[in-house]
Amino acid sequence: MPYDLELELEGDELPPYEIFWRDHYEYLKNRGYTLRKRYEPDWTPSWVYGDKKLVGCEDSCVPIHWAILDATRDDGTYVALKRVDLTLATQEIEVAKLLSSPEFAEDPKNHCVPILDIIEVDGSYTAFIIMPLLFFTEFAPFETIGEVIEYCATLSTFFLSGPTVSTPSQYLPQDEIVRLKQPPWGGDRTVPEHLIPNAPPCDPFLVDVYCIGNIVREGFVEGSKDTKPKQGFEFMRGLIFDMTNKDPAQRPTMDEVMDRFEKLVERLDEWTLRSPVVDTDDGLSILGALCHWAKQLIYVVWQLPPIPRAT
C-alpha cells in the first residue's frame, strides 16, 4: 500500500514530485490506468469546502515513495505503477520482462513481484512498470515463529535458474554479470557502502545480504524506532550480525546464509515453531494464549506443518 495516512498535505498545491503524476494523468488514463482524484489536472482538495477535516480525506494521502503510485485499471483491479528513468535504470525493463516470462514465472524459487504491463512513453526516457498493489508485510501480523521462518526463507532465496542469476537488486545474464555497481540504490538507506562520501562502486550481491539481514534485524531480532524486538528469535542473532557487518568483505554469501539458516531452523522443535510472535516486553493475555494454542492443536490434528510453505 503506497500511502501513509500520517503523511498529509495541508495546502492545495501538489509538491514537485507529485506534479509528474498529475502531468501524466490523462496519458495513463488513455492507456487504461486511472490515478486517484488528487492527480486529476483540475483537482481541488475536498477538505477546502464544507466542514470536512483533512484527516480522513482520501485525496490528502501522499505517496511514501516519489516513484510509486497506485491506480485503478479499467477492469477495476487496483495496481501499483512504478516510474522508471530509462537513462538510469538501463536494464530494469529487460529484467522485468524476463522474470515475468512463463519460463521464470513458473519457477517456485522466483519470488519477484509479477509484472502486469510495461508502458514506455514515446519520445521520452520514462517508462511505467505495472504491478499488483501489495500490502506492507506488517499489515497482516505473523502468528507464529514458523510463519516468520518461512518469510525469512522466502526473502533469502537465491534464485538460480538456467542462464540467469538474480538477487533483489541485480538481475543479469550469467555470462555478463557486473560485479560492481555505483551506489546508492534500493530502499534501505543504512547500507554502509552507500554511506561513504563519494562512494565507489560496490558488490550488489553483498548489499542484498545486508538488506535482507537488516529487514530481519529491525523486524524481529533487535527492533527499530518503529518496531519492537520479538520473542524467540535470539537463535538468529549471530547470523544477522554477520549479514549486517559494516565490512562487506566479512559478510557471508547468500548460499552461506541459507546453509546456516537451515541448520539453525533444524534445531527448533515443533512447539517453538508454533509459538506466538509477540514483543519481548509483552505477551498474550490468558484468553489470547488459550485461543492461540487451541488453534495450533487443531493444526496438529489436521497435520498442518509448523512452517507453512509459500505457494
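Overview of the structure.

Conventions used here
- Residues numbered from 1 in each chain as written.
- Predicted model: local features only at pLDDT ≥ 70, side-chain atom pairs only at ≥ 80, totals over all residues.
- Heavy atoms only, no water.
- Helix = DSSP H or I, 4+ residues; strand = E, 2+ residues; numbered from the N terminus.
- Buried < 20%, exposed > 50% of the residue type's maximum accessible area, 1.4 Å probe, protein only.
- Contact = heavy atoms within 4.5 Å.
- Areas by Shrake-Rupley, 256 points an atom, 1.4 Å probe, with all protein chains shown as cover.
- Pairing = 2+ DSSP bridges.
- Disulfide = S-S within 2.5 Å.
- Arc of directions from axis to C-beta.
- Expected span 1.5 Å × (residues − 1).
- Core = buried A, V, L, I, M, F, W, Y, C linked by side-chain atoms within 4.5 Å.
- Axes fitted to C-alpha atoms, helices over the stretch in contact; angles between N-to-C directions.
- Parallel < 35°, antiparallel > 145°, perpendicular 65-115°, else oblique.
- Left-handed = near helix turned anticlockwise from the far one by under 90°.
- Phe/Tyr/Trp six-rings, centres within 6.5 Å; stacked < 30°, edge-to-face > 60°.
- Lys NZ or Arg CZ within 6 Å of the ring centre and 35° of its normal.

### Quick notes on the overall build of the protein chain
Per the secondary structure count, the protein chain includes 10 helices and 10 strands. Per-residue burial over the protein chain gives 40% buried out of 311 residues. In the protein chain, once contacts between residues fewer than 6 apart in sequence are set aside, the share between residues at least 24 apart is 58%. When the accessible area of the protein chain is evaluated, it comes to approximately 18,300 Å², of which 57% is carbon and sulfur surface.

### Brief notes about the pairing of strand S5 (residues 78–85)
Sheet analysis places strand S4 (residues 68–73) next to S5, joined by 5 bridges and oriented antiparallel. Directly across from aspartate 70, in S5, lies its bridge partner alanine 80. Hairpin geometry of S4 and S5 is characterised by an intervening segment of 4 residues between the two adjacent antiparallel strands and by a positive phi of about 95° at glycine 76. Where S5 lies against strand S7 (residues 126–132), 7 bridges are found, and the strand directions are antiparallel.

### Thoughts on the sheet that holds S7
The antiparallel open sheet is built from 5 strands, whose spatial order is S2-S4-S5-S7-S6. Both outer strands of the open sheet, strand S2 (33–34) and strand S6 (117–120), are each paired with one neighbouring strand and no more.

### Notes on the state of the cysteines
Between two cysteines, a covalent bond joining their sulfur atoms is known as a disulfide. Inspection of every chain in the model, using the stated rule, returns 0 disulfides. No disulfide involves cysteine 61; its sulfur sits 8.9 Å from that of cysteine 57, the nearest cysteine. Take cysteine 61: its relative accessible area is 9%, and that puts it in the buried class. Not part of a disulfide, cysteine 202 finds its nearest cysteine sulfur in cysteine 211, a span of 9.9 Å. Residue classification places cysteine 202 among the buried residues on the basis of a relative accessible area of 9%.

### Thoughts on helix H3 (residues 92–99)
Those residues of H3 that sit buried are Ile93, Val95, Ala96 and Leu99. In an axial view of H3, the angular spread of the buried residues amounts to 165°, which keeps them on one side of the axis.

### Digging into helix H8 (residues 254–266)
Between its first and last C-alpha, H8 extends 18 Å over 13 residues, near the 18 Å set by a 1.5 Å rise per residue. Regarding H8, the residues found buried are Met254, Val257, Met258, Phe261, Leu264 and Val265. Down the axis of H8, the smallest arc covering the buried residues is 130°, so these residues share one side. Exposed residues lying more than 90 degrees from the buried face of H8 are Asp255 and Glu266. On its buried side, H8 packs onto helix H5 (145–156), helix H6 (204–221) and helix H7 (237–243).

### Observations regarding the nonpolar core
Ranked by size, the top nonpolar core spans 25 residues in total, and within it Ile149, Cys152, Val216, Phe233, Met236, Met243 and Phe261 carry the most contacts. Among the secondary structure elements, those contributing two or more residues to this core are H5, H6, H7 and H8. Setting aside residues up to four positions removed in sequence, phenylalanine 233 forms contacts with Ile145, Val148, Phe220, Val221 and Val277.

### Focus: the packing of H5 against H6
Two numbers describe how H5 lies on H6: the axes approach to 10 Å, and their chain directions differ by 160°. Comparing their axes, H6 and H5 come out roughly antiparallel. Between H5 and H6 the crossing geometry is right-handed. Contacts from Val148, Tyr151, Cys152, Leu155 and Ser156 in H5 reach Ile212, Ile215, Val216 and Phe220 in H6.

### Observations regarding the packing of aromatic side chains
Scanning the model with the defined rule gives 11 aromatic pairs in all. Between phenylalanine 220 and phenylalanine 233 the ring centres are 5.4 Å apart and the planes differ by 45°, which places this aromatic pair in the tilted class. In this pair, phenylalanine 220 sits in helix H6 while phenylalanine 233 sits in the loop between H6 and H7, placing the two residues 13 residues apart along the sequence. Residue classification places phenylalanine 220 among the buried residues on the basis of a relative accessible area of 6%. Classification of phenylalanine 233 by relative accessible area gives buried; the value is 2%. The aromatic ring of phenylalanine 20 is capped on one face by arginine 83, whose charged end is 3.6 Å from the ring centroid.

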